[in-house]
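Observations on the three-dimensional arrangement
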Amino acid sequence: AGGVMASSLSVTLDVLATANRLAPRLAAAGSGVPFESRVLSTRGRSVLTGSGHRFGIDGTLDARRPSPLVVVPGLGLAEPDDVLASLARPATRRVIDYLRAAHRRGGTIAASCSSTFLLAEAGLLDGQAATTTWWLTPFFRERYPAVALVTDRMVTASGRTICAGAALAQLDLMLHLVARHAGP
């Protein structure tokens, strides 16, 4: 779906690329790079970011072949009506199906800002601690009462779901993921 925050997507890719560059120097010889990053969309075509720039895509989401680690960058949704409109779009429903499939197959799913609504909508946060962006906290709490919403932490990790509080918290989210999957 379009509307991804360019900074959130770029931070994701930059942190993973940096981890891959540094890993061979820090890990045992021959351990290789810890992350393979691909940017996927529902149609496999470039997406328009929330700031109006086109971003190239590496492939199409396919719920039959989900990734073991999925990072959903922050979306530029500011109002509850924006969230509801996004959740109703067929492309967003396909993303939610993909997240469910990846989680069902043992994958780790991470999201920041208003993209945490996609994890909640997929049912992945029920009974779990999670956070979201501060300006949508009341709406999130009302819509997803089964989620243990935590408002005083920037990053929450519950099992295989990880959430970050706001779009620029994507850096905190990515540092958490690198430490979890590749070491500190």
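Please read these numbers as outputs of a predicted model, since none were measured by experiment.

1. Focus: the overall build of the protein
The number of helices and strands found in the protein is 6 helices and 10 strands. By its C-alpha atoms, the protein is 50 × 35 × 30 Å across when sized along the principal axes. Within the span of the protein, comprising 184 residues, buried residues form 46% of the whole. Partitioning the intrachain contacts of the protein with sequence separation of at least 6 by distance along the chain shows that 58% fall at a separation of at least 24. Roughly 9,300 Å² of accessible area belongs to the protein as shown, and the carbon and sulfur atoms make up 54% of that amount. Taking the average place of the 19 positive charges on the side chains of the protein and the average place of its 13 negative ones, the gap between the two points comes to 8 Å.

2. Examining the nonpolar core
If you look at the biggest cluster of nonpolar residues, it comprises 34 residues, and the most contacted ones within it are L99, L125 and F140. Mapped by element, the contributors of at least two residues to this core are strand 5 (69-72), helix 2 (80-88), helix 3 (90-104), strand 6 (108-112), helix 4 (116-121) and helix 5 (137-143). In terms of residue count, helix 3 provides more of this core than any other element does, 5 residues in total. The contact partners of L99, leaving out residues within four places of it in the chain, are V70, V72, I109, L118, L119 and L124.

3. What about the sheet that holds strand 5?
Pairing is mixed across the open sheet formed by 4 strands, whose spatial order is 5-6-10-9. Every interior strand has two partners, whereas the edge strands, strand 5 and strand 9 (155-158), have only one. Ignoring strand direction, the axes of neighbouring strands in this sheet form an average angle of 10°.

4. Considering helix 2
Buried residues of helix 2: V83, S86 and L87, and no others. Take helix 2 and look down its axis: the buried residues cluster within an arc of 95°, on one side only. Facing away from the buried side of helix 2 by over 90 degrees, the exposed positions are D81 and A88. Against helix 3, helix 4 and helix 5 lie the buried residues of helix 2.

5. Brief notes about helix 3
For helix 3, with 15 residues, the first-to-last C-alpha span of 21 Å sits near the 21 Å given by 1.5 Å per residue. Buried within helix 3 are the following residues: A91, T92, V95, I96, Y98, L99, A101, A102 and H103. Where helix 3 is buried, its residues meet strand 1 (40-41), strand 5, helix 2, strand 6, helix 4 and strand 10 (161-164).

6. Some details on the pairing of strand 10
Side chains T161 and C163 project from strand 10 onto one buried face, and the interleaved I162 and A164 project onto a second face that is buried too. Alignment of strand 6 against strand 10, held across 4 bridges, turns out to be parallel. Residue pairing in the sheet places I109 in a bridge with T161 of strand 10. Sheet topology places strand 9 next to strand 10; 4 bridges connect them, and they run antiparallel.

Rules used throughout
Once a new chain begins, its residue numbering starts again from 1 and follows that chain's sequence as written. The model is predicted, so local features are restricted to residues of pLDDT at least 70 and side-chain atom pairs to those at 80 or more, both for listing and for counting; the totals for chains, interfaces and linings are taken over all residues. Note: side-chain values were computed over all heavy atoms of the structure, leaving out hydrogens and water. What counts as a helix is a DSSP run of H or I of at least four residues, what counts as a strand is a run of E of at least two, and both are numbered from the N terminus. Burial status follows relative accessibility: with a 1.4 Å probe on protein chains alone, a residue under 20% of its type maximum counts as buried, one over 50% as exposed, and anything between as partly exposed. By definition, residues are in contact when any of their heavy atoms lie within 4.5 Å. Calculation of accessible area relied on Shrake-Rupley with a 1.4 Å probe; when residues are assessed, cover is drawn exclusively from the protein chains displayed. Within this scheme the basic residues Lys and Arg register as positive and the acidic residues Asp and Glu register as negative, but His and the chain ends are omitted. Here the site of a charge means NZ on Lys, CZ on Arg, CG on Asp, or CD on Glu. Take the buried residues of types Ala, Val, Leu, Ile, Met, Phe, Trp, Tyr and Cys, join any two whose side-chain atoms come within 4.5 Å, and each joined set is a nonpolar core. One requirement defines pairing of two strands: DSSP has to find at least two bridges between them. Angles here are taken between N-to-C directions and fall from 0 to 180 degrees, while the axes themselves are lines fitted to C-alpha atoms, restricted in helices to the stretch in contact. This arc is built from the directions going out from the helix axis to the C-beta atoms. Any helix carries an expected span of 1.5 Å times its number of residues minus one.

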